[in-house]
Amino acid sequence: MTRMTLTRLTEMPAQGEPIVMVTAYDYPGARAAERAGVDMVLVGDSGAQTVLGYDSTVGVTVDEMLVLARAVRRGTETAFMVCDVPFGSTEVSDEQAVETAIRFVTSAGADAVKIEGGGEARLSRLRAVVAAGIPVVGHIGLTPQTAVALGGMRAQGRSVASAERLVDEALAVQDAGACCIVIEAVPAEITEVLRSILDVPLIGIGAGPADGQVLVLHDLLGVTEGATAKFVKQYGAVGDATVSAIAEYASEVRSAAFPSDEHRYAARTDALEAARNRAGVLAAHRDNTR
Ligand SMILES: Nc1nc(=O)c2c([nH]1)NC[C@@H]1CN(c3ccc(C(=O)N[C@@H](CCC(=O)O)C(=O)O)cc3)CN21
Ligand SMILES: CC(C)C(=O)C(=O)O
Ligand SMILES: [Mg+2]
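The model shown is predicted, which means the values in this text are computed figures rather than measured ones.

Analysis parameters
Counting restarts for each chain, with residues numbered from 1 along the sequence as it is written. Ligands are numbered from 1 and chains lettered from A, in the order in which they are written. Given that the model is predicted, a residue must reach a pLDDT of at least 70 before its local features are reported, and side-chain atom pairs must reach 80 or more before they are shown or counted; all residues, however, enter totals for whole chains, interfaces and linings. Working from all heavy atoms in the structure, the side-chain values ignore hydrogens and water. Only DSSP runs of H or I reaching four residues or more are called helices, and only runs of E reaching two or more are called strands; each is numbered from the N terminus. Three exposure classes are used, based on accessible area relative to the maximum for each residue type with a 1.4 Å probe and protein chains only: buried under 20%, partly exposed in between, and exposed over 50%. Nitrogen, oxygen and sulfur within 2.8 Å of a metal are treated as its donors, or within 3.2 Å for sodium, potassium and calcium (Na, K, Ca); water is not counted, so a site can appear incomplete. Throughout, the term near means that a residue has one or more heavy atoms lying within 4 Å of the molecule or strand in question. Any pair of N or O atoms that falls within 3.5 Å is considered a polar contact. Within protein, one atom must be able to donate a hydrogen and the other to accept it, and sequence-neighbouring residues count only if both atoms are side-chain atoms. Here, Shrake-Rupley sampling with a 1.4 Å probe gives the accessible areas, and only protein chains in the shown set may cover a residue. Each residue gets one of three labels, nonpolar for Ala, Val, Leu, Ile, Met, Phe, Trp, Tyr, Cys and Pro, charged for Asp, Glu, Lys and Arg, and polar for the others, Gly among them. UniProt positions are given in the numbering used here, feature names are shortened, and annotations may be inferred rather than shown by experiment. Should any heavy atoms of two residues lie within 4.5 Å, those residues are considered in contact. Residues grouped as a nonpolar core are buried Ala, Val, Leu, Ile, Met, Phe, Trp, Tyr and Cys residues, joined through side-chain atoms within 4.5 Å. Multiply 1.5 Å by the residue count of a helix minus one, and that product is the helix's expected span. Any carboxyl oxygen of Asp or Glu within 4 Å of a side-chain nitrogen of Lys or Arg constitutes a salt bridge here.

Draft legend 1. Spatial organisation of unusual backbone geometry. The step from F258 to P259 runs through a cis peptide bond, and the omega angle for that step is 0°. On the secondary structure map, P259 appears in the loop between α10 (238-255) and α11 (269-289). Located in the positive-phi region is A185, a residue other than glycine, with phi close to 55°. Turning to its location among the elements, A185 is positioned in the loop between β6 (180-184) and α8 (188-197). Backbone geometry places A256, a non-glycine residue, at a positive phi of 65°. The class of A256 is exposed, set by a relative accessible area of 60%.

Listed below in structure tokens is the structure:
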């Protein structure tokens, strides 16, 4: 199997082949995505919440993301690996953005980085990273890193101004050099409009049909506890299955049903005899010195 290339990804929409992207944050997640045959894996900053337990994506650091990204890289052979650059790691300057992107490429083997937003400063970062020779995936619509400024985790493109802004940002992000664009939490009809004017693949999450889809692995597996976004479809009940398995283990330990004979090592008779003799000698010694 050969590694997915940017050229191939870019050609998929014209061939009528939807692009499949899923997040991964560790080696087993990457192996599972790989074995399932996805086209792209995203080391999302959603990992701040799904695997690191933060209550938003905002506090996660580059060093933390790199640990996740390296593990995903070790498990990924054919899928194209995109890494989210976390909040604060590109905001200061174009130079900072390029240095951050380079770290994801050189120290984690990222095939591309994803940068949120379509405002002027974001476009400048995008151009700078692309100019450094690093492919960039754009991300517009609901951009969780700056959700406070958007008024919370809310769908975008629902007012006239917001819909117009999405069209402007989609084109600007493409012109800045993005190789594809993730669009999050936008009405499907708006996504359709954007698709009609874009040349690069549009990958949707909560944005209706697009050239591809992305979902958070832990959401689709049913590992995420509590409420998930409206756009999540749960394809498994892995969270419940995990709790049941651990609860059954706990119960068998407490009832002494585990470990049973099949999980025991057989002793060699001479070794057992020797251990018993030694224990007897030591016990006698202990009694004598008391
Ligand atoms: N587990 C997980 N899944 C995600 O999809 C995800 C993360 N974490 N963390 C980073 C961001 C945050 N995202 C979110 C989080 C919440 C909503 C949400 O609850 N939306 C509401 C309100 C929509 C509205 O008011 O317009 C919803 O009902 O969908 C959406 C996207 C998407 N990303
Ligand atoms: C939801 C996707 C697009 C993302 O950015 C993430 O998982 O962090
Ligand atoms: Mg993200």
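Alright, that's what it looks like, and here's the rest.
Draft legend 2. View of the coordination of the magnesium ion (ligand 3). For the magnesium ion (ligand 3), the protein coordination sphere consists of D45 (OD) and D84 (OD), at 2.1 Å. Here D84 lies in strand β3 (residues 80-84) and D45 lies in the loop between β2 (40-43) and α3 (47-50), a separation of 39 residues in the sequence. When its relative accessible area of 5% is taken as the criterion, D45 is described as buried. On the accessibility criterion, D84 (3% relative accessible area) is buried.

Draft legend 3. A look at the site of ligand 2. Around ligand 2, the structure places T23, L42, G44, D45, S46, D84, K114, H139, V182, I205 and V216. Here S46 contributes a side-chain N or O atom positioned 2.5 Å from an oxygen atom of ligand 2. Taken by itself ligand 2 offers 260 Å² of open surface, and the protein chains cover 95% of this. Looking at the shell around ligand 2 residue by residue, the classes come out as four nonpolar, four polar and three charged.

Draft legend 4. Summary view of the UniProt feature "binding site: 3-methyl-2-oxobutanoate" (unreviewed entry) in the protein. UniProt records the feature "binding site: 3-methyl-2-oxobutanoate" (unreviewed entry) for D45, S46, D84 and K114 in the present numbering. Separation in sequence by 70 residues is not matched in space for these annotated residues, since their most distant C-alpha atoms are only 12.5 Å apart. Assignment of secondary structure puts S46 in the loop between β2 and α3. Judged by its relative accessible area of 16%, S46 is buried. Not counting chain neighbours up to four residues away, the residues in contact with S46 comprise T23, Y25, T57 and V216. Not counting the four nearest positions on each side in its chain, D84 is found in contact with L42, V43, G44, D45, M65, F104 and K114.

Draft legend 5. Just the nonpolar core, in detail. By size, the foremost hydrophobic cluster in this structure holds 71 residues, and its most contacted members are M40, F104, V113 and V129. Top contributing element to this core by residue count: helix α4 (residues 62-75), with six residues.

Draft legend 6. Looking closely at the site of ligand 1. Q49, A155, E184, D219 and K230 are the nearest of the 16 residues found near ligand 1. Here a nitrogen atom of ligand 1 and a backbone polar atom of M153 are 3.4 Å apart. At 3.2 Å, a side-chain N or O of R158 approaches an oxygen atom of ligand 1. Coverage of ligand 1 by the protein chains reaches 71% of its 660 Å² of free accessible surface.

Draft legend 7. Just α4, in detail. Helix length check: α4, at 14 residues, gives a terminal C-alpha distance of 20 Å against a target of 20 Å (1.5 Å per residue), a fit within 8%. Those residues of α4 that sit buried are V62, M65, L66, L68, A69, A71, V72, R73 and G75. Residues of α4 that are buried make contact with α2 (27-36), β2, β3 and α5 (94-108).

Draft legend 8. Geometry of the pattern of salt bridges. Overall, the coordinates contain 13 salt bridges when judged by the stated rule. One salt bridge connects D63 with R103, and the closest N-O pair in it is separated by 2.8 Å. In this pair, D63 is assigned in helix α4 and R103 in helix α5, connecting sequence segments 40 residues apart. The residue R264 makes a salt bridge to D261 at a minimum N-O spacing of 3.5 Å. The exposure class assigned to R264 is exposed, which follows from its relative accessible area of 58%. Salt bridges linked by common partners bring R3, R73 and D111 together as one network.

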